Amino acid sequence: MKIFSAAQLYEADKTTVEKQKITSADLMERAGTQIFQWLHQRLNGAPVPIHIFCGIGDNGGDGLVVGRLLIEHGYSVIVYVVNCSDKRSKNFLLNYDKIKNVTKNWPLLMKGEDDFPEINSEDIIVDAIFGIGLNRCPGGWVKKLIQYLNESKAFKLAVDIPSGLYSNAPLEDKEAVLKANHTLTFQAPKLAFFLPETAVFAPSFDVLDIGLDLEFLHNAEPLAQLISKPEAQRFYQTREKFGHKGTYGHALIVAGSYGKMGAAILSTTAAFRIGSGMVTAFVPKCGYNILQTAIPEAMVITDNEEAFLSDISFDFEPSAIGVGMGIGKNKATVEALKKLFTDSEIPFVIDADALNNISENKGLLKLLPKHSVLTPHPGELKRLIGEWKDDYDKLEKVKKFSEKHEVVVVIKGAYTITVYGDKLYINTTGNPGMATAGSGDALSGVITGLLSQGYDPLLASVFGVYMHGSAGDIASEQMGFEAVMAGDIIDNLGEAYLDLFAQTEPENESSEKN
Ligand SMILES: NC(=O)C1=CN([C@@H]2O[C@H](COP(=O)(O)OP(=O)(O)OC[C@H]3O[C@@H](n4cnc5c(N)ncnc54)[C@H](OP(=O)(O)O)[C@@H]3O)[C@@H](O)[C@H]2O)[C@@H](O)CC1
Ligand SMILES: [K+]
C-alpha cells in the first residue's frame, strides 16, 4: 500500500471528481458515509451520546455528513462547529444546511472556552476539526479545546487524521494535537502515523476506500510504501523442488566476544531458520564449544584470539556475510573489520558493534561493498549520521547517507523503515514484545540468511524485516508481549512462512485493518 502526501491526495481528489463526473460534495458524502457505517456497525443503534466536533473546512464537512447520517438512524448526536475561521468551505456550508433538515438541534457554534461542553467518559468524541488541510499550528482556544478533549476519557475517533497533526510535516506543538484512540483515514494512511514522534497520536487506524481514481494512485510516486502481507507475498522466492543445500547459499556470521556469544548463536540460528542452506559462524576461540554445542548444524571457524576478533580469515566464499553482533570495540577488531571490508566484494549485513566501530572510524564506510545493509537502532543511527531535528529531518539525512554510500539502511523501531536512496519502505509487522535483548541479532541473521539465498539486498531487508516482525507477532500471540525472548522470534520464523500464505477470512472489502 502506498503512502501519499497531502498535496497528492488533493490532486487525486480533483482527478477523481473529473474522471468519475461527480462533485466534490459527492466525494464528501462517500467519505462521511464510510465513517458512519464504521460507527453504525459497531454501535448497532446504541444510545451512547456522540459529540461531533467539526471545523469549518472539508474535514468539518465530513463530520457534518456523519452527524446527519447518525441522526437519521436515531443516534443521540450533538454537533459542534469549532468556529475558528470565517472562511468556511463550500462543502462545509452545503452540509451545514443539510443537517438542519434532519434535526431541530442545530449545530452548536463554539467561539471560546465558555462553550466547551461536558463530556462523560462513556460518550464518543468524533474529531473532525482539522484534516489534511491544517496549515498552521492550532493556537488559542482551539488548542485549549484539543487539550480539553485529550483530558476526556471518552473514546476519541479521528476523521482522516487526528486534528493538529500534519499528514507529512513535522510536529510543531505536541500539546496541540488530538490524541485519538482510533483514526479512520481516507484512501491511504498518512506518513505521520508511522514516525515515532507523531505515531502516538494515531496508535491505531483503518483505511477507508473512498474510491479515489485508481489510475492516478497507481501512477503517483508515493512518499513511502507500506509493507503488509500482500507485498511480502510478492517478495517471497519459492524454494525449488530440486534444490540442495548449495542452492540456498552459505551464510557467514561474524559475531561474538567473551560474554556475548549469545549474539552469535541467535544470528546463526536465525540465518538457518530463514532458509540458508549452510551457515558458518566466525567467532573468537572462546566461542568454539559454545557454538558447536548450541547449533550442531552450523560450522564454526575461530579467530586466533580467545576473547575478541582480531583477524577474520576463512577459506571459502560465503554467499552473504553478517557482521557485528556482540563483537565489541577492541582496536584489533576494528583492524580486522578494515581487512574484511577491503577483501570482500559481496554485500554485508552490518549490525551492532560493527556499526559503532564504523561510527568511530568513518573511513571504514568507504570500504563497504556497495549495497551493504546497515541495521541501526536509533542510538546507533545517531552515532552514524549525527543528531536530527525531527523524524522528517532524520529520514532526509538517512536518504542522503544511503545515496552517498550506496547502502540500504534499516532504521529499527516500532515501525521499522528501510531506506534505499530516496525510497522508503515501512514495515507493519512487529509488536512491543520484540523490544528484548537479541531481537536485533535475530534480524541481522534473517537478512543475512535471505541474502545468502539470492534475495537482493533491498528485498532481503524489506522482506526480512517483515518476516522477523511476523514471527514476533506469532510469538507474542502465544505467550504475551512480556515473555517473548529473541529465541522465540527465531523459533517462529517457520510459522511466519506458513502464515504468509495461510488462507484467512476475507476482510471487509472497504477497509484495511492496521
Ligand atoms: N482530499 C480528499 O481526497 C478528500 C478530503 N476530504 C476531507 O477534506 C479534508 C481536507 O479538507 P480541507 O482542505 O478543507 O482542510 P481541513 O483539514 O478541513 O482544514 C482547513 C481549514 O482549517 C483552517 N485551518 C487550518 N489550520 C488551522 C489552524 N491551525 N487554526 C485554525 N484554523 C485552521 C483553514 O482555515 P484558513 O487557513 O482558511 O483560515 C481551513 O478553513 C480531508 O482531511 C478530509 O477529511 C473528504 O471529504 C473527501 C476526499
Ligand atoms: K480530524
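Not measured: the values here are computed from a predicted model.

1. Comments concerning the nonpolar core
Core analysis: the biggest nonpolar cluster contains 155 residues, and Ile52, Val82, Val126, Ile253 and Ala264 have the highest contact counts within it. In terms of residue count, the dominant contributor to this core is helix α17 (residues 457-479) (9 residues). Each of domain 1 (2-220) and domain 2 (240-406 + 434-457) gives at least three residues to this core. Among all residues touching Val82, those that are not within four sequence positions of it are Phe53, Cys54, Gly55, Met110, Ile129, Val142 and Leu145.

2. Some remarks on unusual backbone geometry
Even without a glycine there, the phi angle at Lys21 is positive, about 50°. Among the secondary structure elements, Lys21 is positioned in the loop between α1 (6-19) and α2 (24-43).

3. Regarding the domain arrangement of the chain
Assigned domains within the chain: domain 1 (2-220) and domain 2 (240-406 + 434-457). Computed from C-alpha coordinates alone, the two centres of domain 1 and domain 2 are separated by 46 Å.

4. Re the pairing of strand β16 (residues 408-411)
Every second residue of β16 is oriented toward a common face, with Val408 and Val410 on one face and Val409 and Ile411 on the other, all of them buried. In the sheet, strand β15 (residues 373-374) pairs with β16 via 2 bridges, with the strands oriented parallel. Counterpart to Val373 in the pairing with β16 is Val408. As paired elements, β16 and strand β17 (residues 417-420) share 3 bridges and run antiparallel to each other. Following the sheet pairing, Val409 is matched in β17 by Val419. Hairpin geometry of β16 and β17 is characterised by an intervening segment of 5 residues between the two adjacent antiparallel strands.

5. Comments concerning the sheet that holds strand β14 (residues 348-350)
Strand order in the open sheet formed by 11 strands is β1-β9-β18-β17-β16-β15-β14-β13-β10-β11-β12, and the pairing between neighbours is mixed. Both outer strands of the open sheet, β1 (2-3) and β12 (299-302), are each paired with one neighbouring strand and no more. With 5 bridges joining them, strand β10 (residues 250-254) and strand β11 (residues 278-283) adopt parallel strand pairing. Among the inter-strand pairings, His250 is bridged to a residue of β11, identified as Met278. Across the sheet, helix α15 (residues 391-405) is in contact with β16, β17 and β18 (423-427); its angle to β16 comes to roughly 150°.

Each value, and the rule that gives it
- Residues numbered from 1 in each chain as written.
- Chains lettered and ligands numbered in written order.
- Predicted model: local features only at pLDDT ≥ 70, side-chain atom pairs only at ≥ 80, totals over all residues.
- Core = buried A, V, L, I, M, F, W, Y, C linked by C-beta atoms within 7 Å.
- Buried ≥ 20, exposed ≤ 12 C-beta atoms within 10 Å, placed from the backbone.
- Helix = DSSP H or I, 4+ residues; strand = E, 2+ residues; numbered from the N terminus.
- Domains from an automatic or database assignment.
- Contact = placed C-beta atoms within 7 Å.
- Pairing = 2+ DSSP bridges.
- Axes fitted to C-alpha atoms, helices over the stretch in contact; angles between N-to-C directions.

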